[in-house]
Amino acid sequence: MTPGIYLRLRREAAGLTLDEVSLVTQTVPSVCARIRGEWIAAIEQGIVPVSIDVALALQIAFPFDWDVLVKLCALQARLIDQAPPLCAICACSEQDACVEQHGGPCEWAAPALCSACAAKASPPIVPPPPVTGLAAA
């Protein structure tokens, strides 16, 4: 997952559109919301890299895990070779979990799938039971 895709998934998980984020983010120098929206879209598409000042501005609009963003940037730069564990649907992580319908944080339902996204799927995704005993050997 690229840093831009991660930010898009976290924005979408927060229920925000590009237009909504562009209205609450500020830039120096100041530019109109339409240009900010195009700029954020370019970041999400991987056309423009994510810088620290951009990430700071985006975190005002929606939450994301800084550690995950840094690791994804390092992965993209080939400084590390393993991606952090993320849900493939909403990009939540251990430190930035979704809130499930019962109000508690999500859990891992399967590798790369959180319990909140598994429950929202139609039909719901039921992870296989863990393998035990002789079958596990």
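Above this text is the structure in question.
Okay, so let's go over this structure.

About the criteria used
Residues numbered from 1 in each chain as written. Predicted model: local features only at pLDDT ≥ 70, side-chain atom pairs only at ≥ 80, totals over all residues. Heavy atoms only, no water. Helix = DSSP H or I, 4+ residues; strand = E, 2+ residues; numbered from the N terminus. Expected span 1.5 Å × (residues − 1). Buried < 20%, exposed > 50% of the residue type's maximum accessible area, 1.4 Å probe, protein only. Core = buried A, V, L, I, M, F, W, Y, C linked by side-chain atoms within 4.5 Å. Contact = heavy atoms within 4.5 Å. Arc of directions from axis to C-beta.

When the terminal C-alpha atoms of helix 3 (residues 33-44) are compared, their 16 Å separation across 12 residues agrees well with the 16 Å that a helix rising 1.5 Å per residue should span. Residues of helix 3 that are buried include every one of Arg 36, Gly 37, Ile 40, Ala 41, Ala 42, Ile 43 and Glu 44, and no others. Gly 46 occupies a position one or two residues after helix 3 and carries a positive phi of about 80°.

Quick look at the nonpolar core now. Membership of the largest hydrophobic core comes to 18 residues, with the highest contact counts inside it found for Tyr 6, Leu 7, Leu 58, Phe 62, Phe 64 and Leu 69. Those elements giving two or more residues to this core turn out to be helix 1 (3-13), helix 3, helix 4 (52-61) and helix 5 (66-76). Here the element with the most residues in this core is helix 4; it accounts for four residues. Not counting residues within four places of it along the chain, the set of residues in contact with Phe 62 comprises Leu 7, Arg 10, Arg 11, Ala 14, Leu 16 and Val 21. Cys 98, Cys 106, Ala 116 and Ala 118 belong to the second largest nonpolar core, which has 11 residues in total.

Structurally, Thr 25 can be placed in the loop between helix 2 (18-24) and helix 3. Discounting chain neighbours no more than four positions away, the residues touching Thr 25 are Arg 36, Ile 40, Ala 57, Leu 58 and Ala 61.

Further remarks concern helix 4. Among the residues of helix 4, those classed as buried are Val 54, Ala 55, Ala 57, Leu 58 and Ala 61. In an axial view of helix 4, the angular spread of the buried residues amounts to 160°, which keeps them on one side of the axis. Among the exposed residues of helix 4, those oriented more than 90 degrees off its buried face are Ile 52, Asp 53 and Ile 60.

This next bit is on the environment of Leu 113. Position of Leu 113 relative to the elements: it lies in strand 2 (residues 113-114). In this structure the C-alpha to C-alpha distance between Leu 113 and Leu 86, which are 27 residues apart in sequence, comes to 7.5 Å.

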